[in-house]
Amino acid sequence: MHDMSAHAAQHHAPTSFIRKYIFSLDHKVIGKQYYGLALIAVYIGMAISWLMRFHLAWTNARIPGLQWLSSVGAPGGLMTPEYYLELMTMHGTIMVFFVLTTAPFAGFGNFFLPIQVGAEDMPFPRFNMMSFWITFVAFCVLMSAFFVGDGPPLSGWTAYAPLSAVGAIAGPGQGTGQVLWAISIALFCVGQLLGSLNFITTTLDLRTKGMTLMRMPLTVWAWFITSCMGLTAFAVLLPACILLILDHVAGTSFFIASGLVINDKMLPHSGGSTLLWQHLFWFFGHPEVYIAIVPGVGIVSHVLITNMRRPLLSHKVMIGCMGALAFLSYMVYGHHMFVSGMNPFSGLVFSFPTLVITIPATIIVLIWIFSLYGSKLRINSASLFALGFISMFVSGGVSGFFLAQPSLDIYLHATYFVVGHFHMVMAVAALFGIFTGTYFWFPKMTGHMMNESLGKLHFWLTFVGTYAIFMPFHYLGMAGNVRRYQAFVDDYMQPLLGVHKFITIAALLTGAAQLIFLYNLIHSRFRGAPAPPNPWEATSLEWTMPSPPPFDNFGGKHPVVYHDPYQYGIEGSSNDYVMQDSPEQIHTVRDEK
Amino acid sequence: MAKLFAVTIFVIAIASAVPILMHTWPMPVDISTHGPLIDEQMADTMAEAGIAFLAAQIILAFFIWKFSGRPKDAKIGHFPGGAMALVIAAFLLVGTEVLALGVFGTKAWAAVYFTPPAADSMPIQVQAGQFAFYFRYPGPDGKFGTIHPDKIDEGNQNFFGLDPANDPAAKDDIVTAEMAMPVNKEVHLLMHSKDLGHSFYVRELRVQQDFVPGLDLSLHFTANKIGKYEIVCTQLCGLGHYNMKAYLEVMSQTDFDSWLKQQAANQ
Amino acid sequence: MATTTHEPPKIEPPRDPVGQDGGGGGWRNLVPADGTMRDVQQYSPPPASLGVWVGMAAITMSFAAFTSALIVRQGASPDWRHFTLPSILYFDTLVLLASSVTLELGRRRVAAFMGGLRSQAAPPAKWLYITLFLGLIFVAGQYVAWLQLKSQGLYLATNPSSSFFYVLTAAHALHVLGGLGGLVRVIRKLGKSVLRRSTLDATSYYWHFMDVLWLYLLLLLWSKM
């Protein structure tokens with residue numbers, strides 16, 4: 001009898017505010033919490049990028065009010081060199097971890113993965129709740145670095161040892177700030193490990209009747225593949241962070257070599273391996289790039305199919321390519337270290353899989369583009385961003401040809417070419433994936449439609465603005481402009497300052513366009529037209545339920561799935577689509593041979 | 001809207017290619033003997049990546065133009081060949097392309113890393129520290145004195161921690177703040193880090209290599225043009241990173257000899 | 001029903017091939033596109049069993065990272081100092097192995113009890129308590145090992161070898177403590193008759209995994225220290 005009551009208690013909606021909105025066990029609330037966290041983080045990260053860009057273009061100009069944020073870092077509003085690097089570190093860390101990982105993966109994934117496989121919730125709701133709150137604490141710890149000690153660390157989001165390991169002697173923020181950074185990332189790893197555990201188990205165990213693996217939508221596949229990567233990648237970064245913290249606070253020498261002299265003082269450490277940190281970090285770091293982008297690939301496919309009114313040329317090939325990306329991502333991490341002092345033979349060994357990874361990436365792009373052929377493309381904010389994603393993914397992807405080759409990396413490493421490459425292919429493309437998902441799923445998540453005109457305006461400004469910012473980065477890099485400089489004081493880079501000013505203006509304007517998005521989100525949340533259950537005439541299970549979905553998703557019943565996920569373009573049917581749970585008999589649209 | 005979007009993609013794709021084709025912001029002229037291999041590889045990659053970029057963007061734009069806003073009763077068309085054709089095309093085209101790039105690129109990489117320095121190459125040591133480079137020439141005895149980290153004393157100009165009193169090899173070492181090298185003579189650069197990770201980057205030499213604390217690496221290269229070039233640090237090393245640089249002067253052999261003599265007198 | 005007797009814990013109902021709508025999903029059956037149902041449903045393990053395997057994969061990955069760090073660090077410079085492992089570690093190993101045996105005894109008894117094969121008044125938690133006790137002894141034993149090292153003047157920062165010793169044993173001990181937490185939960189649920197078979201199994205898999213992990217670590221430490 002006890003069991004029954006416990007069972008029942010689990011499936012009744014909680015009534016108290018705290019259980020319902022704060023420490024909620026409901027995957028949908030947790031998904032929204034993750035999305036909200038990413039939203040706060042992305043605007044902070046963007047504001048930081050504004051400050052950095054402004055400083056790069058007008059190095060000696062004062063930024064009014066900046067002294068309020070840090071009187072040491074920006075006395076009188078004039079940014080110091082170290083404060084620039086501290087902001088840069090925070091920008092990278094916030095964006096990579098708390099935006100590009102949380103929003104497309106943990107945010108949308110939590111909300112939609114259980115629904116799309118027909119489950120009531122994740123199998124371990126308590127772990128799920130802990131996953132979010134640990135991530136939230138990680139974010140707070142990171143933010144606290146702004147306000148304690150002498151500011152955030154300045155060692156970049158990659159935190160290369162020994163700069164990140166020797167402590168305050170290496171520079172401002174390298175004491176307390178760097179330790180807080182490492183604690184924050186270690187916590188983040190724990191949070192994402194718990195999340196990945198839930199994602200994998202949900203996908204494998206909680207699929208409803210008829211939901212075979214091949215009937216899962218591409219989003220589910222993307223999240224599943226991502227969580228497999230997350231499980232292995234974060235499990236490696238966590239020990240690395242622990243060792244880094246110990247080097248800091250316990251005086252160990254994991255990453256600190258012997259005989260280092262800073263300020264004429266010889267450090268007491270001995271024999272640590274500098275490259276060890278880089279190996280551990282990039283073993284995580286490269287899969288992390290795919291953790292950011294693969295959910296975007298899934299979301300874009302899902303949205304594009306709905307708006308093309310036809311399935312992709314091949315469902316299976318798409319899944320295979322995402323899997324291949326994930327698999328290869330573990331074999332290529334050394335391409336970040338071509339000039340790091342690794343054995344030059346390893347450079348070649350890492351170069352080939354890196355070049356090979358362009359094959360699945362190319363197939364993904366070709367499938368998207370050639371699926372457009374003969375389709376009935378609908379243009380709306382979501383599909384515009386999805387198409388924009390493809391364009392970005394191509395533009396950022398082709399520069400990978402250069403960076404995959406160690407011989408060219410000799411020249412291009414640590415230049416703005418690299419910055420342009422990863423911003424386009426990882427950062428902006430993943431952000432376009434987030435925008436795509438937002439415009440597409442907002443009605444389902446909130447029960448309100450978003451404003452389409454504002455959405456399209458947002459798209460145009462963002463699309464053009466992004467190219468205006470990040471294409472010139474490649475030109476700067478080709479010309480030999482090095483990255484992570486707070487000012488271009490030398491004779492060589494001075495003539496390139498004009499390009500930097502152009503980029504800064506583009507960045508300020510494109511950033512401002514993001515305020516339209518924010519306004520649209522908030523306004524539509526409260527004033528948007530009520531959303532019907534299936535506004536986009538889509539087929540997957542999330543559209544079978546009211547918007548927003550009720551607490552128990554399917555009303556205590558389990559849907560039965562009869563069809564492949566993307567049955568569009570059905571001839572002879574009353575609609576041109578058949579939902580996954582519709583018992584209607586049709587000729588299944590399968591992969592084209 | 002869709003047609004405007006298609007045009008926008010087209011215009012952006014073309015506009016992105018223009019500065020590359022016009023060489024608006026070119027790579028600086030190469031001054032090294034191994035550089036032409038890298039430059040050639042760069043040009044080949046640019047051509048292949050550029051074609052891939054333009055083709056993908058233009059086909060994307062064309063399909064958006066062609067297939068958006070079709071009437072409700074329009075039939076779904078089928079791309080002849082389907083997914084298999086695309087997979088085969090990707091493997092053939094991209095596969096050959098990356099294989100070619102990979103194989104030919106190895107040549108340039110090998111020229112830098114897999115050939116031993118010539119027996120008569122000139123050894124120069126460079127030490128990187130927060131936020132300066134120092135260079136050391138072995139002097140007439142051809143031997144570098146041992147580095148003693150505990151003896152490093154910047155106030156007394158002992159940047160390398162030498163001990164000339166007890167170490168005869170250190171006595172005639174010449175320490176300089178800028179690097180000079182004779183033209184057309186191979187230099188064997190021994191890299192040592194005093195404190196943290198740094199990097200040695202000379203754009204014109206097509207050389208970039210990190211300093212690894214605790215691990216002394218070496219590079220060798222030959223410059224074939226006289227001139228003054230910038231050496232910059234490209235590995236984030238702290239607040240002064242942006243200002244960490246030195247100059248490389250490539251001189252004729254006679255100029256170099258007199259320069260070195262003068263430096264020795266300054267010690 | 002007499003109020004004094006404990007009700008046997010509820011067994012997971014056998015998976016009914018047709019019309020199981022109230023459960024937690026878990027169907028890997030195929031429903032053909034024409035809508036007719038075929039009875040090809042397969043038994044799918046409850047999430048706790050899969051979850052524990054996934055968790056063990058992540059832990060394996062972390063310890064693999066520690067191991068590779070150890071090997072790289074040892075090769076990085078000649079400052080690695082060898083020392084003899086504290087002898088109590090071998091005692092701890094025996095304790096941990098014994099705890100796996102007792103847990104397995106306990107699990108069999110509880111399973112038999114749940115299956116109604118044994119008519120017994122109270123759930124047989126005795127072996128579980130013994131396992132819990134042995135687990136605590138193991139953690140205490142590890143603590144004694146640290147004290148022994150300390151008395152030899154080997155601290156966390158003394159040498160990379162001692163650093164890795166402390167880090168690896170502490171990381172493992174933390175995971176063992178997690179397992180003890182799981183065991184306490186199992187005992188509490190058993191007392192309240194709400195234990196699911198899958199929870200019991202998952203906890204014991206995890207416990208045995210800690211055993212195997214420890215044997216691996218002991219071998220690693222023994223060969224490297």
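See above for the structure.
Just so we're clear, the structure is a prediction, and the values are computed from it rather than from any experiment.

With that out of the way, let us pick up the pairing of strand β7 (residues 207–211) of chain B. Every regular strand shows the same layout, with side chains that alternate between the two sheet faces. Residues and elements named next belong to chain B. Of all five residues in β7, five are buried; the element is thus mostly enclosed. Pairing geometry for strand β6 (residues 198–202) and β7, over five bridges, is antiparallel. Bridge pairing in β7 links Phe-200 to Gln-209. In sequence, β6 turns back onto β7 through a hairpin of four residues, with Arg-206 there showing a positive phi of about 55 degrees.

This brings us to helix α11 (residues 344–356) of chain A. Taking 1.5 Å per residue as the helical rise, α11(A) with its 13 residues ought to reach 18 Å, and the 19 Å between its terminal C-alpha atoms agrees with that figure. Regarding α11(A), the residues found buried are A:Gly347, A:Leu348, A:Phe350, A:Ser351, A:Pro353, A:Thr354 and A:Leu355. Contacts from the buried residues of α11(A) go to α12 (358–371), α13 (381–403) and α14 (406–412) of chain A together with α3 (82–113) of chain B. For α11(A), the capping residue at the N-terminal end is A:Asn343, with a side-chain oxygen 2.8 Å from the backbone nitrogen of A:Phe345.

As a further point, take the sheet that holds strand β2 (residues 132–137) of chain B. All names here are of chain B. Pairing in this open sheet of five strands is mixed, and the strands run β3-β2-β1-β5-β8 from one edge to the other. In this open sheet, the two edge strands, each paired with only one partner strand, are β3 (174–176) and β8 (217–222). On average, adjacent strands in this sheet sit at an angle of 25 degrees to one another, irrespective of strand direction. Direction of pairing for strand β1 (residues 122–129) relative to β2: antiparallel, over a ladder of five bridges. Looking at the pairing, Gln-125 lines up with Arg-136 of β2.

Residues and elements named next belong to chain B. Judged by how many residues are buried, strand β5 (residues 186–193) sits mostly within the fold: seven of eight residues are covered. In this structure, β1 lies alongside β5, joined through seven bridges in parallel fashion. The residue of β5 that forms the bridge with Val-126 is Met-191. Pairing between β5 and β8: six bridges, direction antiparallel. Considered in β8, the bridge of Glu-186 is made with Thr-222.

Residue and element names in this part refer to chain B. Taken together, the side chains of Val-7, Phe-10, Val-11, Ile-14, Val-18, Leu-21, Met-22, Ile-58 and Trp-65 define a hydrophobic patch exposed on the protein surface, amounting to about 820 Å² of accessible area. Of all the secondary-structure elements, those providing two or more residues to the nonpolar patch are α1 (2–22) and α2 (35–67). When residues in the nonpolar patch are grouped by element, the largest group, seven residues, is from α1. With respect to the helices and strands, Trp-65 occurs in helix α2.

Once that is clear, we can look at the environment of B:Gly69. Residues and elements named next belong to chain B. Turning to its location among the elements, Gly-69 is positioned in the loop between α2 and α3. With relative accessibility at 69%, the residue Gly-69 sits in the exposed group. Taking the C-alpha atoms as reference points, Gly-69 and Lys-3, separated by 66 residues in sequence, lie 9.7 Å from one another.

This part takes up the interface of chain A and chain B. Contacts between the two partners involve 102 residues from chain A and, on the opposite side, 104 residues from chain B. Carbon and sulfur atoms make up 73% of the area that chain A and chain B hide from each other, which totals about 8,800 Å². If you sort the residues of chain A by the area they bury against chain B, A:Ile410, A:Tyr411 and A:Tyr475 come out on top, with a joint share of 8%. On inspection of chain A and its partner chain B, the count reaches zero salt bridges. Our count for the chain A to chain B interface comes out at 29 residue pairs in polar contact (both at pLDDT 80 or more). Within the residue set of the side of chain A that touches chain B, elements represented by two or more residues are α5 (81–116), β1 (261–262), α9 (274–308), α11, α12, α13, α14 and α16 (452–478) of chain A. Ranked by residues supplied to the side of chain A that touches chain B, first place goes to α13(A) with ten residues. The residue makeup of the side of chain A that touches chain B, split by class, is 66 nonpolar, 22 polar and 14 charged.

Rules of the game
- Residues numbered from 1 in each chain as written.
- Chains lettered and ligands numbered in written order.
- Predicted model: local features only at pLDDT ≥ 70, side-chain atom pairs only at ≥ 80, totals over all residues.
- Heavy atoms only, no water.
- Buried < 20%, exposed > 50% of the residue type's maximum accessible area, 1.4 Å probe, protein only.
- Helix = DSSP H or I, 4+ residues; strand = E, 2+ residues; numbered from the N terminus.
- Pairing = 2+ DSSP bridges.
- Expected span 1.5 Å × (residues − 1).
- Contact = heavy atoms within 4.5 Å.
- Polar contact = N/O pair within 3.5 Å; in protein donor to acceptor, adjacent residues only side chain to side chain.
- Axes fitted to C-alpha atoms, helices over the stretch in contact; angles between N-to-C directions.
- Patch = residues over 30% accessible without salt bridge, like charges linked within 9 Å, V, L, I, M, F, W, Y side chains within 5 Å.
- Areas by Shrake-Rupley, 256 points an atom, 1.4 Å probe, with all protein chains shown as cover.
- Salt bridge = Lys/Arg side-chain N within 4 Å of Asp/Glu carboxyl O.
- Buried area = accessible area lost by both parts, 1.4 Å probe.
- Nonpolar A, V, L, I, M, F, W, Y, C, P; charged D, E, K, R; others polar.

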